[in-house]
Amino acid sequence: MSKTVDGKLQSAFVLYINGKKAQGQEAFGREVAVMLEEQIPPFLVRLGQVVMESSMVFDAWNTANQEALEEIAGKYLS
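First, a word on scope: everything that follows refers to the structure included in this document.

Calculation criteria
Residues numbered from 1 in each chain as written. Predicted model: local features only at pLDDT ≥ 70, side-chain atom pairs only at ≥ 80, totals over all residues. Heavy atoms only, no water. Phe/Tyr/Trp six-rings, centres within 6.5 Å; stacked < 30°, edge-to-face > 60°. Helix = DSSP H or I, 4+ residues; strand = E, 2+ residues; numbered from the N terminus. Buried < 20%, exposed > 50% of the residue type's maximum accessible area, 1.4 Å probe, protein only. Salt bridge = Lys/Arg side-chain N within 4 Å of Asp/Glu carboxyl O. Core = buried A, V, L, I, M, F, W, Y, C linked by side-chain atoms within 4.5 Å. Contact = heavy atoms within 4.5 Å.

**Concerning the packing of aromatic side chains**
Working step 1: Taken as a whole and judged by the stated rule, the model has two aromatic pairs.
Working step 2: Centroid distance Phe-58 to Trp-61: 5.9 Å. Interplanar angle 35°. Geometry classified as tilted. Taken together, the positions of Phe-58 and Trp-61, both in helix H2 (residues 58–64) and three residues apart, correspond to about one turn of that helix.
Working step 3: Classification of Phe-58 as partly exposed rests on a relative accessible area of 36%.

**Some details on the pattern of salt bridges**
Working step 1: This structure, assessed with the given rule, holds one salt bridge.
Working step 2: When the shortest N-O distance is used, the salt bridge between Glu-70 and Arg-30 registers 2.7 Å. Placement of the pair is Glu-70 in helix H3 (residues 68–74) and Arg-30 in strand E3 (residues 30–36), with a sequence separation of 40 residues.

**Observations regarding the nonpolar core**
Working step 1: Within the largest apolar cluster, 13 residues are counted, with the highest numbers of intra-cluster contacts made by Leu-15, Met-35, Phe-43, Leu-47, Trp-61, Leu-69 and Ile-72.
Working step 2: Breaking this core down by element, the ones donating at least two residues are strand E2 (8–17), helix H1 (40–53) and H3.
Working step 3: Ignoring anything within four residues of it in the chain, the contact list for Leu-15 reads Arg-30, Glu-31, Val-32, Ala-33, Met-35, Phe-43 and Ala-73.

Given below as structure tokens:
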């Protein structure tokens, strides 16, 4: 996918959150936004830092902080 930024097409990906992969319970996540490819690495680094600082594994952190993932992602959207 691509996204137009300042009149130029740039590579981008749709960010989905809270999908399920358990057999028999598979479900796509909820579409949050389109993120530029260049923003994905810094987003993942920041997300990892926040989760690590909580001393929780990602699934537990995400369950306990349901709005936080979307808030962190929001800082990396154009």
